[in-house]
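Residue strings, one per chain:
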Amino acid sequence: MNQPSNLETALAGLLEKYSVQPPGPWRLLTAPEPTAAGTLTLLSGVALTDGNAPAHVVPLQAWRCERRFVELKRIVDERTIDPVVMARFACLVHGSTADLAAVLYRELDLAEWILGAPLQTVSAHVAGGRQANLMVRLASGVLCGIEAGTSLPAGSPCQDRHELIARRGVACDRVVDTQVAQSSIYVFGPQAQQFTDVDAELFGLSIDEVALVRSAYEVLARPELASAARRQHARLRKLVETALASDRSRKRLTVEGAAA
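Residues numbered from 1 in each chain as written. Predicted model: local features only at pLDDT ≥ 70, side-chain atom pairs only at ≥ 80, totals over all residues. Heavy atoms only, no water.

Quick rundown of the packing of aromatic side chains? Include the residues and the values.
In total, this model carries three aromatic pairs according to the counting rule given. Plain terms: the ring middles of Tyr186 and Phe188 are 6.3 Å apart, the flat faces sit at 5° to each other, and that makes the pair stacked. You can call Phe188 exposed: its relative accessible area is 71%. (Phe/Tyr/Trp six-rings, centres within 6.5 Å; stacked < 30°, edge-to-face > 60°. Buried < 20%, exposed > 50% of the residue type's maximum accessible area, 1.4 Å probe, protein only.)

Explain helix H3 (residues 100–115) to me, using residue names and the numbers behind them.
Taking 1.5 Å per residue as the helical rise, H3 with its 16 residues ought to reach 22 Å, and the 22 Å between its terminal C-alpha atoms agrees with that figure. Of all 16 residues making up H3, 15 are buried, and the element is well covered by its neighbours. (Helix = DSSP H or I, 4+ residues; strand = E, 2+ residues; numbered from the N terminus. Expected span 1.5 Å × (residues − 1).)

How would you explain a nonpolar patch on the surface if you had to name every residue and give the values?
Taken together, the side chains of Val85, Met86, Met135 and Leu143 make up a nonpolar region of the molecular surface, amounting to roughly 280 Å² of accessible area. Position of Val85 among the secondary structure elements: in strand S6 (residues 84–92). (Patch = residues over 30% accessible without salt bridge, like charges linked within 9 Å, V, L, I, M, F, W, Y side chains within 5 Å. Areas by Shrake-Rupley, 256 points an atom, 1.4 Å probe, with all protein chains shown as cover. Salt bridge = Lys/Arg side-chain N within 4 Å of Asp/Glu carboxyl O.)

Which residues make up the side chain of Glu66, and what values do they have?
Relative to the helices and strands, Glu66 is located in the loop between strand S5 (58–59) and helix H2 (67–77). Beyond its immediate chain neighbours, meaning those up to four positions away, Glu66 contacts Arg106, Ile207, Asp208 and Ala211. (Contact = heavy atoms within 4.5 Å.)

Could you give an account of the nonpolar core, with specific residues and numbers?
If you look at the biggest cluster of nonpolar residues, it comprises 44 residues, and the most contacted ones within it are Phe89, Leu108, Ile114, Leu134, Val136 and Leu164. At the level of secondary structure, the elements contributing two or more residues to this core comprise H2, S6, H3, strand S7 (119–127), strand S8 (131–138), strand S9 (143–149), strand S10 (159–166) and helix H5 (225–249). Broken down by element, this core gets its largest block of residues, 11 residues, from H3. The contact partners of Val136, leaving out residues within four places of it in the chain, are Leu108, Leu119, Thr121, Val122, Val142, Leu143, Cys144 and Ile146. Residues Trp26, Val58, Ala62 and Leu205 belong to the second largest nonpolar core, which totals 22 residues. (Core = buried A, V, L, I, M, F, W, Y, C linked by side-chain atoms within 4.5 Å.)

And the structure:
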């Protein structure tokens, strides 16, 4: 491998700690790279590869390892709120962090994964290639509104919010009545600082970095997950293409392969 990044060092530490033997050489890609199938479209721009062979790139839907999303999915799966009838998702970033297609990729994956059903139809409106509003219907009948944007000021952290509304109860990944993400610790002084450690084994990494390392660890520890990750990546690219086609046609479109 090349000189390891701090993420690769953290991942190697986890593999050693739990005596996990990877299926082969690996490295983390920290930016989208061309592959045999085209360029990876990922919000994080991180993938896992076996050596340098493009055919072995495994896209990581790393947000699935973020605790707040894991808990939202658990709430749905265990029917703590039931039945879910509507969801409202929003994700706003600066354009240097991700393009609009990458933001949609993430939010559409979260919708299917958290709500536990495939998308059936999508209606989208895109403004200036930087903002999008989607209304999607899942096969379960749940409606999900998605707001995506890439026009936050430079240097702004990602601001997102995911809310589930059921006939019995509601759930959200943000504290009630807050609009922006909060840090656990604030240090005030000449230069204000914020800290939010979320993993007892991965200190010093951001929330997104922790999710990336955990996601890569899962694939290395359980190689059978790679094929599912590749299939979902291909599906999500088609979902994003369908959303953009809906905007161009000004019509609600049925997702290819969706149940009637």
